[in-house]
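Notes for the structure review
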Amino acid sequence: MKKEKCFKDYINKHGGIIGKVVMLYTNDEEDRKDLRQEILYQCWKSFDSYKGEAAFSTWLYRLSLNTALVFKRKERQHVSIEEQQPQEQQTIQQPDTDLLLYIIKKLNEIDRMIISLHLDGYSNEEIASFIGQSKTYVAVKLHRIKKDVTNQFKKLEK
Amino acid sequence: MNEDKLHELWKNLSLKEKDGDNSLFAGVGQQKSELPINVINRNMKLKLYWHLAFIALALILTLFFLERADLLVIIGLFILETLFSFVLIRKQHKKALHINPLTENTHNMLINYYSCIQSMLRFERLSAWFSIPFSALLGMAFYVVWKYGSLVVLLNNTTMVLAVVGVIIILSPVAIWWTYWSQKKAYQPYLKKIESYIDIFNK
């Protein structure tokens, strides 16, 4: 009971992280619900292993992103990101945040992970340890991703 | 679009998602994971129960044939084979149960997760290839001994020889093909996806 209360408190405080990961890695409501449930379950299962060496938000972010990567979508008709592309006339009214989300979701899953960590304020070194690659790898990747996102943004804003 | 604008947009986007659907909290400890590693492991657990049920059935069967040493040998072989398979599956199940790669760094997690699923599927295949034909042969031997009193009758009966050969050359490949096909159908696209993520890191 104590574990459950503690877990709920932590998740309530940092629940936005799960929401963000779910938003980045799913395209329809059913998947959203399934992934959120899966992340919550995996967090609960691994909660005992959280010893507080890193901030809970970092631990939760890592677990959520890892779960999203290995999550297997149920076999049914899925909405692809291309289908969610805004119509040309609607593009002007499309809020910038939605455009950004659309552009980020068009990146591959690993790039999506790197850019979201970067935009959430993690340093290159932290991202490198997060994904298990070198700092140089992250720097090169980030440079390319940002260039790509900026170009896409300009293209869609026109 | 500069870096600051990107950060600002991201912040706004994050605020939108601040309040997640926490109704899914209810009974989180009782929920089941749908990650393939957990699904395969649950199937393994189910197989363990089936093995126990078969062993129990075989033990009950011995009570009916206490006077027939020849049949008891065959039943004994079946129990040994099932027990052997039970021990191996249990070992694999326990191993997978204690693996939790999701808290590792992403690259290691993907490699460990991938190899864990691969080894579980390989084990499942080997187990099916071995136990299905072996159990079928034991079943046939049991029937022959029970009906004719000895396995020697097999040598003089072409139909029975053909049936045994059929089990060996038809059932074994069918078992191999079936396990391979069902695994391919269920997991190949998924495993390819994980492989592609690992490739991105290795580039």
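So, how was this worked out
Residues numbered from 1 in each chain as written. Chains lettered and ligands numbered in written order. Predicted model: local features only at pLDDT ≥ 70, side-chain atom pairs only at ≥ 80, totals over all residues. Heavy atoms only, no water. Helix = DSSP H or I, 4+ residues; strand = E, 2+ residues; numbered from the N terminus. Contact = heavy atoms within 4.5 Å. Areas by Shrake-Rupley, 256 points an atom, 1.4 Å probe, with all protein chains shown as cover. 1 Å grid on protein atoms, 1.4 Å probe; cavity = no way out; pocket = protein on both sides within 12 Å on 5 of 7 lines; lining within 4 Å. Points joined across faces, edges and corners; volume = space filled by probe spheres on them. Nonpolar A, V, L, I, M, F, W, Y, C, P; charged D, E, K, R; others polar. Phe/Tyr/Trp six-rings, centres within 6.5 Å; stacked < 30°, edge-to-face > 60°. Buried < 20%, exposed > 50% of the residue type's maximum accessible area, 1.4 Å probe, protein only. Buried area = accessible area lost by both parts, 1.4 Å probe. Salt bridge = Lys/Arg side-chain N within 4 Å of Asp/Glu carboxyl O. Bend = angle between axes of the 7 residues up to and from the residue. Polar contact = N/O pair within 3.5 Å; in protein donor to acceptor, adjacent residues only side chain to side chain.

Looking only at helices and strands, chain A features eight helices and zero strands. Reading the helices (α) and strands (β) of chain A from amino to carboxyl end gives α-α-α-α-α-α-α-α. A separation threshold of at least 6 residues defines the contact pool for chain A, and within that pool the share at least 24 residues apart is 68%. Per element, the accessible surface of chain A, about 7,900 Å² overall, is 47% carbon and sulfur.

The space that makes up the largest pocket amounts to roughly 670 Å³. In terms of lining residues, the largest pocket is bounded by 25 residues, among which Lys47, Ser127, Ala128, Ser131 and Ile132 of chain B are the most central. Looking at the lining of the largest pocket residue by residue, the class counts come to 12 nonpolar, 10 polar and three charged. The computed volume of the second largest pocket comes to approximately 450 Å³. What lines the second largest pocket is a set of 20 residues, among which Tyr41 and Lys45 of chain A together with Asn38, Asn41 and Leu97 of chain B lie closest to the centre. Of the residues forming the lining of the second largest pocket, the biggest block, six residues, is contributed by helix α2 (residues 36–64) of chain B. Each residue belonging to the lining of the second largest pocket can be placed in one class, and the counts come to six nonpolar, nine polar and five charged.

Tallied over the entire structure, the rule returns 20 aromatic pairs over all chains. An angle of 75° between the planes, with centres 5.2 Å apart, marks the rings of Phe7 of chain A and Phe47 of chain A as edge-to-face. With a gap of 40 residues between them, Phe7 of chain A in helix α1 (residues 2–25) and Phe47 of chain A in the loop between α2 (29–46) and α3 (56–70) connect regions that are remote in the sequence. The pair Phe7 of chain A / Phe47 of chain A is uniform in exposure class, with both members buried. With a centroid separation of 6.3 Å and an interplanar angle of 40°, the aromatic rings of Tyr137 of chain A and Phe201 of chain B are classed as tilted. Of this pair, Tyr137 of chain A sits in helix α8 (residues 135–157) while Phe201 of chain B sits in helix α6 (residues 158–202), which puts the two residues in different chains. A residue is classified by how much of its surface remains accessible, and Phe201 of chain B, at 3% relative accessible area, is buried. A network of ring pairs unites the aromatic residues Phe7, Tyr10, Trp44, Phe47, Tyr50, Phe56 and Trp59 of chain A as a single cluster.

A few words on the interface of chain B and chain A. Counting from both sides, the interface comprises 44 residues of chain B and, opposite them, 58 residues of chain A. Of the roughly 4,700 Å² buried where chain B meets chain A, counting both sides, 64% is carbon and sulfur surface. Applying the counting rule to chain B against chain A returns one salt bridge. When the shortest N-O distance is used, the salt bridge between Asp96 of chain A and Lys5 of chain B registers 3.2 Å. Listing elements by their share of the side of chain B that touches chain A, those giving two or more residues are α1 (3–16), α2, α4 (106–148) and α6 of chain B. Here the side of chain B that touches chain A is built from residues that sort into 20 nonpolar, 14 polar and 10 charged.

Glancing now at the environment of Met23 of chain A. Residues and elements named next belong to chain A. Here Met23 is to be found in helix α1. Residue Met23 is classed as buried on the basis of its relative accessible area, which comes to 7%. Once the C-alpha coordinates of Met23 and Leu35 are considered, the two residues, 12 residues apart in sequence, prove to be 9.7 Å apart.

What follows deals with α6 of chain B. Helical periodicity: at 3.6 residues per turn, an α-helix aligns residues three or four positions apart in one direction. At Tyr187 of chain B, α6 of chain B shows its strongest bend, of approximately 55°, with the proline Pro189 of chain B following within four residues. Regarding α6 of chain B, its N-cap is Asn157 of chain B, as a side-chain oxygen of that residue lies 3.1 Å from the backbone nitrogen of Thr159 of chain B further along.

Attention now goes to the environment of Glu195 of chain B. Residues and elements named next belong to chain B. Take Glu195: it is sitting in helix α6. Taking the C-alpha atoms as reference points, Glu195 and Leu110, 85 residues apart in sequence, are found 8.3 Å from one another. Within the structure, Glu195 has its side chain in polar contact with the side chain of Tyr114 (distance 2.5 Å).

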